[in-house]
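Here is what each chain is made of, one letter per residue.
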Amino acid sequence: MNQVATTYEPSTINLYMQQAFRPISRRYFYSDYVNSLPVKPTDKILEFGSGIGVMAELLARRLYLGQLTCVDISKRYISRAKRNLRDYPNTTFVRGQLTKLNFSTRGFDAINLHYVLHDVPEASRQELIDEMYGLLRPGGKVFLREPLNESHGIPSANTDVLFASAGFVKESGNERRGRFMRDNYSACYIKAKNIRFFFI
Ligand SMILES: C[S@@+](CC[C@H](N)C(=O)[O-])C[C@H]1O[C@@H](n2cnc3c(N)ncnc32)[C@H](O)[C@@H]1O
């Protein structure tokens, strides 16, 4: 029996509900957030944990001269996302865990991580963020939003420490008390460009 596949797959009803609520979540939970991200139309972006692709679709629209790569551990999520984004030729889909993919493409301009890190087992989080650092070009950014609640979330200070340990510099971080969404933390971390000192 394939343990990984069964553990991470959503139930049919869960998938159906997410698909049915797609227009509402797009409008009320994702749209403003995606529009606020500092993304250029030519950017090459990796979305990690893309689910059924609600945010991916909004990002793909903004990257009309760029490229979006979606990674998810779930076969059902990836196949649903592929169908939801079939009209966007600038998207590619990869099933698997980021740390085990051996990506040949590096030098991403940004990585988007939306409500994913809290779902990754604590013991694997640092390895995952270290891998993200390697996948970004110098000056590349991680955009993150994660829930803060104790039962199913991650404290903002823990997130900051994980990214700092990987070598990222924090550009911004805001805790928000959600009206529609649960309390959440949105942050941007940068892979700093090398600083060179010239001695005369
Ligand atoms: C709560 S959903 C969020 C989906 C999407 N980012 C959104 O905001 O709508 C978490 C997603 O992360 C994926 N995921 C969790 N752990 C993962 C891992 N280790 N590798 C790849 N994907 C993972 C899940 O399969 C799921 O699609």
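Now for a description of the structure that goes with this document. Worth saying up front: this structure is predicted, and the values here are computed from it rather than measured.

What to know about the site of the ligand
And step 1. As a matter of local geometry, the ligand sits amid 16 residues, with Tyr-30, Gly-49, Asp-72, Ile-73 and His-114 nearest to it.
And step 2. Measuring from an oxygen atom of the ligand, one finds a side-chain N or O atom of Tyr-30 at 2.6 Å.
And step 3. A distance of 3.4 Å separates an oxygen atom of the ligand from a polar atom in the backbone of Gly-51.
And step 4. Relative to its unbound accessible surface of 590 Å², the ligand loses 87% to contact with the protein.

What about helix α7 (residues 156–166)?
And step 1. For α7, every residue scored as buried is listed here: Ser-156, Thr-159, Asp-160, Leu-162, Phe-163 and Ala-166. Viewed along the axis of α7, the buried residues span an arc of 160°, placing them on a single side of the element. Counted as exposed and oriented over 90 degrees from the buried face of α7: Val-161 and Ser-165.
And step 2. The secondary structure elements touched by the buried residues of α7 are β4 (108–114), α6 (122–135), β5 (136–147), β6 (169–176) and β7 (184–190).

Regarding the pattern of salt bridges
And step 1. The tally for this structure, following the rule as stated, stands at ten salt bridges.
And step 2. The shortest N-O distance in the salt bridge between Asp-109 and Arg-137 comes to 2.7 Å. Note that Asp-109 is positioned in strand β4 and Arg-137 in strand β5, a separation of 28 residues in sequence.
And step 3. A salt bridge links Arg-177 to Glu-175; the shortest N-O distance between them is 2.9 Å.
And step 4. By relative accessible area, Glu-175 is classed as partly exposed at 42%.
And step 5. Through salt bridges with shared partners, a single ionic network connects Arg-22, Arg-26, Glu-57 and Arg-61.

Side note on the packing of aromatic side chains
And step 1. Evaluation of the coordinates by the stated rule reveals three aromatic pairs.
And step 2. Judged by centre distance (5.0 Å) and plane angle (85°), the rings of Tyr-133 and Phe-168 are edge-to-face. With Tyr-133 in helix α6 and Phe-168 in the loop between α7 and β6, this pair connects stretches of sequence that are 35 residues apart.
And step 3. A relative accessible area of 24% places Tyr-133 in the partly exposed class.
And step 4. Classification of Phe-168 as buried rests on a relative accessible area of 6%.
And step 5. Each ring, one from Phe-163 and one from Phe-168, has its centre 5.4 Å from the other, and the planes form 65°; the classification is edge-to-face. Phe-168 matches Phe-163 in its accessibility class, with the two residues each being buried.
And step 6. Three or more aromatic residues joined by ring pairs form one cluster here, namely Tyr-133, Phe-163, Phe-168 and Tyr-189.
And step 7. Looking at Lys-44, its charged tip hangs above the ring of Phe-108, at a distance of 5.5 Å from the centre.
And step 8. Positioned above the aromatic ring of Tyr-33 is the side chain of Arg-145, whose terminal nitrogen or guanidinium carbon lies 4.2 Å from the ring centre.

Scoring rules and cut-offs
Position numbers for residues count from 1 along each chain, tracking the sequence in the order it is written. Local features in this predicted model are restricted to residues whose pLDDT is 70 or higher, and side-chain atom pairs enter the listing and the counts only when it is 80 or higher, whereas totals over whole chains, interfaces and linings include all residues. No hydrogens and no water enter the side-chain calculation; it runs on all heavy atoms of the structure. One heavy atom within 4 Å of a molecule or strand makes the whole residue count as near it. Contacts described as polar in this section are N or O atom pairs within 3.5 Å, which, within protein, must combine one atom able to donate a hydrogen with one able to accept it, while residues neighboring in sequence count only if both atoms come from side chains. Calculation of accessible area relied on Shrake-Rupley with a 1.4 Å probe; when residues are assessed, cover is drawn exclusively from the protein chains displayed. Only protein chains enter the calculation, and the probe is 1.4 Å; a residue is then buried if its accessible area is under 20% of its type maximum, exposed if over 50%, and partly exposed in between. Numbering of helices and strands starts at the N terminus; helices are DSSP runs of H or I of at least 4 residues and strands are runs of E of at least 2. Relevant arc is that of directions from the helix axis to the C-beta atoms, nothing else. We call two residues in contact whenever any of their non-hydrogen atoms come within 4.5 Å of each other. Criterion for a salt bridge: a side-chain nitrogen of Lys or Arg within 4 Å of a carboxyl oxygen of Asp or Glu. The aromatic pairing rule takes the rings of Phe, Tyr and Trp, using the six-membered ring of Trp, and pairs them if the centres are within 6.5 Å, calling planes under 30 degrees apart stacked, those over 60 edge-to-face and the rest tilted. We count a charge as sitting over a ring when the NZ of a lysine or the CZ of an arginine lies within 6 Å of the ring centre and within 35 degrees of the ring normal.

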